[in-house]
Amino acid sequence: MNRIYIAGHRGMVGSAIFRKLAQDPSNIIVTRNRAELDLTNQLAVNTFFSKSNIDQVYLAAAKVGGIHANFTYPAEFIYENLMIQANIIHSAFKHGVKKLLFLGSSCIYPKLADQPMCEEALLTGSLECTNEPYAIAKITGIKLCESYNRQYGNSYGIDYRSVMPTNLYGPGDNYHPENSHVIPALIRRFHEAKINDMPQVAIWGSGTPKREFLHVDDMAAASIHIMNLDDDLYQKHTQPMLSHINVGFGSDIRIADLAVLIGQTIGYNGEITYDNSKPDGTPRKLMDSSRLNALGWQPHITLKEGLISAYQDFLKAGIR
C-alpha cells in the first residue's frame, strides 16, 4: 500500500490526479484542505509530514491565475508559490519521502524561446513580464528538486521529479471573469453572451498568439506515468541539472480560432471582436514533448472533446 499525499487536491490538476489515483485500491490518498493545513506555514507543514508517514507526494498546490491576476498580484504569486514549494519539498525530505513529483508550468521558458520549446531552453533568455514572478517560483521548484536529488539522492535514496504542463483546462477549472485562464474565461464569456442574447463577444488582445492546450485528465495520467517510471529509464532521458519533463498535447491553435471553437461548443452565433488595448502575452507557447513521448506516453483527449467536457463542467458548477 502506498500512502500518497496530494498537495492541492481541490485544484484542477490535484483533483484530476486524485480521481486517477483513487481508481487503484492499493493507494491510500492523504489530503488536507487549506483550513486544515496552511502550506505557506513551515512549522505546520513540517508537523504534518512528521505525523503522516507519507510515501509519495504530488506537489500540485499553487497560487495560479491568468494574465490579469499575474500582473495585478505579483508579490502574492512569487511569495506564496516559493513558500509552498520550499516547505513541502524540504519537509518531505526530512521525513523520509522517497518519491515526489513537482508540477510546474510552461511559463518557465523564455518569452522568445524557439518553438516548440524544449527542456533545454530553460534559463536561456528573458521571461514574459506579465507572469515573471510566477515563472521564477516554478523554476525554483525545479531546481529545489534537482538540488535535493544531487545532494541526497544516493545517500538517502530520494527521487524528486518535475513535470511542466502546457496550458491546462477541464473539470475543476477556475471560471472567474478576470482571474482565470483563457479557456475558462472564454467559456464563461460566451455562455453569458448566449444566455443574454449579446450581439458581440470581445476577446482580449489581437487573437493572433498561439497556445497549446491539454485536458487535465491527460495531465493527471501523464503525471502518474512519470512518477512511476523505472529509475534507469527516467535517468536515461534526463540529466541531474536538466531533469524536468514537458507535458504537452503536441499542437497549438490561434486564440482567434480557439474563440470560434468555444463559441461553436456553446452554441453562440454572435460576432467575435478583439480588444487590442489588452496584452497578448507570449506570441507562441508550444511544448516539445518528445522526451515524454520517448518515455511511453501520449495524450488521448482532443481539444474538441475536451471543450465539450469543460463546458459540461461549467454548467454543472452552476456559476452565475
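This text gives an overview of the structure that appears in the document. (Residues numbered from 1 in each chain as written. Predicted model: local features only at pLDDT ≥ 70, side-chain atom pairs only at ≥ 80, totals over all residues. Heavy atoms only, no water.)

It is worth spelling out the overall build of the chain at this point. Assigned secondary structure in the chain consists of eleven helices and 13 strands. In summary, the chain has a C-alpha radius of gyration of 19 Å against a globular reference of 20 Å for 320 residues, a match within 12%. Summarising its shape, the C-alpha atoms of the chain cover approximately 65 × 40 × 35 Å along the three principal directions. With 320 residues in all, the chain has 51% of them scored as buried. Of the contacts made within the chain by residues no fewer than 6 positions apart, 82% connect residues no fewer than 24 positions apart. Counting only carbon and sulfur atoms, one obtains 51% of the accessible surface of the chain, whose full area is about 14,500 Å². Of the side chains in the chain, 30 bear a positive and 31 a negative charge, and the two mean positions are spaced by 4 Å. (Helix = DSSP H or I, 4+ residues; strand = E, 2+ residues; numbered from the N terminus. Rg over C-alpha atoms; globule rule 2.2 N^0.38 Å. Buried < 20%, exposed > 50% of the residue type's maximum accessible area, 1.4 Å probe, protein only. Contact = heavy atoms within 4.5 Å. Areas by Shrake-Rupley, 256 points an atom, 1.4 Å probe, with all protein chains shown as cover. Lys, Arg positive; Asp, Glu negative; His and termini not counted. Charge placed at Lys NZ, Arg CZ, Asp CG, Glu CD.)

Now for the packing of helix α1 (residues 12–21) against helix α7 (residues 216–227). Here α1 crosses α7 at 65°, and the two axes come no closer than 8 Å. The crossing of α1 and α7 is right-handed. Only V216, D217, M219, A220, A221, S223 and I224 of α7 make contact with α1, whose side of the interface consists of M12, V13, A16, I17, R19, K20 and L21. (Axes fitted to C-alpha atoms, helices over the stretch in contact; angles between N-to-C directions. Left-handed = near helix turned anticlockwise from the far one by under 90°.)

Counting buried residues in strand β4 (residues 99–103) gives five out of five residues, a clear majority hidden from the surface. Side-chain alternation along β4 places K99, L101 and L103 on one buried face and L100 and F102 on a second face that is also buried. As paired strands, strand β3 (residues 56–59) and β4 are joined by four bridges and run parallel to one another. Within β4, the residue paired with Y58 across the bridge is L101. In the sheet, β4 pairs with strand β5 (residues 159–165) via five bridges, with the strands oriented parallel. (Pairing = 2+ DSSP bridges.)

The next subject is the sheet that holds strand β10 (residues 245–247). Across the sheet, six strands lie side by side as β2-β1-β3-β4-β5-β10; this open sheet has parallel pairing. A strand with exactly one partner marks an edge of an open sheet, and here the two such strands are β2 (27–30) and β10. The sheet shows a mean angle of 25° between the axes of neighbouring strands, taken without regard to direction.

Our focus in this paragraph is helix α6 (residues 182–195). If you check α6, its first and last C-alpha atoms are 20 Å apart, about what 14 residues at 1.5 Å a residue would give, namely 20 Å. Along α6, the positions that sit buried rather than exposed are I183, P184, A185, L186, I187, R188, F190, H191 and A193. Where α6 is buried, its residues touch β6 (167–169), β7 (200–204), β9 (213–215), α9 (255–266), β12 (271–275) and α11 (303–317). D197 occupies a position one or two residues after α6 and carries a positive phi of about 55°. (Expected span 1.5 Å × (residues − 1).)

Before going further, it helps to spend a moment on the side chain of D313. By secondary structure assignment, the location of D313 is in helix α11. Nearest to the buried, unbridged D313 among oppositely charged side chains is K316, at 5.7 Å. Discounting residues that sit within four places of it in the chain, D313 has contacts with G170, P171, G172, D173 and Y175. (Salt bridge = Lys/Arg side-chain N within 4 Å of Asp/Glu carboxyl O.)

Bringing the sheet that holds strand β11 (residues 253–254) into the picture now. Taken together, three strands build an open sheet; the order of strands is β11-β8-β13 and the sheet is mixed. Strand pairing shows two members of the sheet lacking a second neighbour, β11 and β13 (284–285), which therefore form its edges. Alignment of strand β8 (residues 210–211) against β11, held across two bridges, turns out to be antiparallel. Bridge assignment links K210 to a residue of β11, and that residue is R254.

Moving on, we come to the nonpolar core. By size, the foremost hydrophobic cluster in this structure holds 40 residues, and its most contacted members are Y5, L39, F49, V57, I88, L100 and Y160. For this core, the secondary-structure elements that each account for two or more residues are β1 (2–7), α2 (42–52), β3, α4 (74–94), β4, α5 (132–156) and β5. Setting aside anything within four residues of it in sequence, one finds I88 in contact with A7, L39, V45, F49, V57, L59 and L100. Ranked by size, the runner-up nonpolar core spans 28 residues in total, among them A16, A60, A222 and I245. (Core = buried A, V, L, I, M, F, W, Y, C linked by side-chain atoms within 4.5 Å.)

Below, the discussion takes up the packing of aromatic side chains. Using the criterion set out here, one finds twelve aromatic pairs in the structure. Summarising the aromatic geometry, the rings of Y311 and F314 are spaced 6.2 Å apart at their centres and angled 15° between planes, so their arrangement reads as stacked. With a gap of three residues between them, Y311 and F314 both fall in helix α11, about one helical turn apart. Each member of the pair, Y311 together with F314, is buried. The side chain of K63 reaches across the aromatic face of F77, ending 5.3 Å from its centre. R161 extends its terminal NZ or CZ atom over the ring of Y234, reaching a point 4.0 Å from the ring centre. (Phe/Tyr/Trp six-rings, centres within 6.5 Å; stacked < 30°, edge-to-face > 60°. Lys NZ or Arg CZ within 6 Å of the ring centre and 35° of its normal.)

A few words now on the side chain of R211. By the secondary structure assignment, R211 is in strand β8. Despite its burial, R211 pairs with no opposite charge; the closest candidate is E128, at 6.9 Å N-O. Non-local contacts of R211, meaning those with residues more than four positions away in its chain, are made with N167, D252, I253, I255, D280, G281, T282, P283, R284 and K285.

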